[in-house]
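Coordinate analysis (summary)
The primary structure of each chain is shown beneath.
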Amino acid sequence: MPEGHSIHRVAGALTSIFAREQVQARSPQGRFIAGAQILDGQQAGVAQAWGKHLFLPFRPTSQPGGEGDTDLAKLQAGADTGYPNWLHVHLGLYGSWRFDTDQSHPLPHAIGAPRVRIGEGDERVEDAGSTETWLLPQPRGQVRLRLHTEHAVADLSGPNRCEILDPVQVADTLDKLGPDPIRDHSGDEDRFVTLMRRRSIPIGQAVMDQSICAGPGNIYRAECLFRTRINPNRAAKQVSENRLRTLWRDLVVALREGVRDGKIITVPTELVPAHIAPEDKEARRFAVYHRTGRSCLRCGATVREKNLAGRKLFWCPGCQN
DNA sequence: GATACATGAAAAG
DNA sequence: TTTTCCTGTATCC
């Protein structure tokens, strides 16, 4: 259940273990055999994330060329990256990446629904890729795609999307996405404001609309609207430009902290409870998310919950106006 | 053993 | 607006 910050961490992990390496690809589960066959034996480039979308570029080892620049903004503008095959993964609600490495690479933390590492405790097998000092762990559960070298393995389970795109298709995918606060390129804040002010849907819904803003999920939308005191039920176009700018900047801060920390902690320092009730452990991490019926850490009003477009929305009716 | 649920999004109605 | 897809875990019999 990852929001955008997790995907940027996945990109970092995949880059650290696979970039510039020749990678073996398999589909232990069997649902991505043709795709794995295309990637198998190819050289990976630097992985990229845009919102919740992950892109890992590949090219045949026979293909000449230098480093190759996999920057998505340049690709979107039509530049040749030197990589013909792009693995595109969206984890959806319960996809996950899990990693194992030998001693040569730091072990990336698992990302997604099952927050456990592969490797430890798992049965190991002498498989292609195993070395004298490192045996590949047996795939656990439904592994759609396994990527590995002699030093590291990444297992992908339960993705919403897992496909191979050519550069034009990658650009088409990016065209449908709004600006990503983690990337925060110049002009992104203006674009965010423009897109928001065109919409009559509640801003609580708009923040999660990936064509307006790519990256925030249910937690960041609740927490950042709380932090900026915006009522999520208000129509997006009805929120002042100033407050929209404040919201964008808060999303930039919150999501980037998420990338840095590897977890979502959004309670402002001054609101962190000195001591917390046993039944309210979440209060240290979240101000409103999953705090229905509890007292607002800022104003004391009772935090509310309701269903909005199929997802649970949490907010404080006291201080979000 | 059901069953509900999850930090998502697209398709179907 | 509802259904569907993808998987694993928690919780309830």
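Cut-offs applied
Residues numbered from 1 in each chain as written. Chains lettered and ligands numbered in written order. Predicted model: local features only at pLDDT ≥ 70, side-chain atom pairs only at ≥ 80, totals over all residues. Heavy atoms only, no water. UniProt positions renumbered as here; feature names shortened; annotations may be inferred. Helix = DSSP H or I, 4+ residues; strand = E, 2+ residues; numbered from the N terminus. Axes fitted to C-alpha atoms, helices over the stretch in contact; angles between N-to-C directions. Parallel < 35°, antiparallel > 145°, perpendicular 65-115°, else oblique. Left-handed = near helix turned anticlockwise from the far one by under 90°. Contact = heavy atoms within 4.5 Å. Domains from an automatic or database assignment. Buried area = accessible area lost by both parts, 1.4 Å probe. Salt bridge = Lys/Arg side-chain N within 4 Å of Asp/Glu carboxyl O. Polar contact = N/O pair within 3.5 Å; in protein donor to acceptor, adjacent residues only side chain to side chain.

1. Focus on the UniProt feature "domain: FPG-type" (unreviewed entry) in chain A
In the numbering used here, UniProt assigns the feature "domain: FPG-type" (unreviewed entry) to residues 287-321. Annotation note: span residues 287-321, helix share 0%, strand share 29%, distance between end C-alpha atoms 16 Å.

2. Comments concerning the packing of helix α5 (residues 188-197) against helix α8 (residues 241-261)
Packing of α5 against α8 leaves a shortest axis separation of 10 Å and a crossing angle of 125 degrees. Taken together, α5 and α8 sit at an angle that is classed as oblique. Between α5 and α8 lies a crossing whose hand is right-handed. When α5 is examined against α8, the residues Asp188, Glu189, Asp190, Phe192, Val193, Met196 and Arg197 are found in contact with a partner set consisting of Glu241, Leu244, Arg245, Leu247, Trp248, Arg249 and Leu251.

3. Re the domain arrangement of chain A
For chain A, the domain assignment lists domain 1 (4-174) and domain 2 (178-315). With centres defined by C-alpha atoms, the gap from domain 1 to domain 2 works out at 30 Å. Between domain 1 and domain 2, the contact holds 12 residues from the first and 20 residues from the second. Of the roughly 1100 Å² buried between domain 1 and domain 2, counting both surfaces, carbon and sulfur atoms make up 56%. Along the contact surface separating domain 1 from domain 2 lie 0 salt bridges. Seen at the junction of domain 1 and domain 2, the total is 7 residue pairs in polar contact (both at pLDDT 80 or more).

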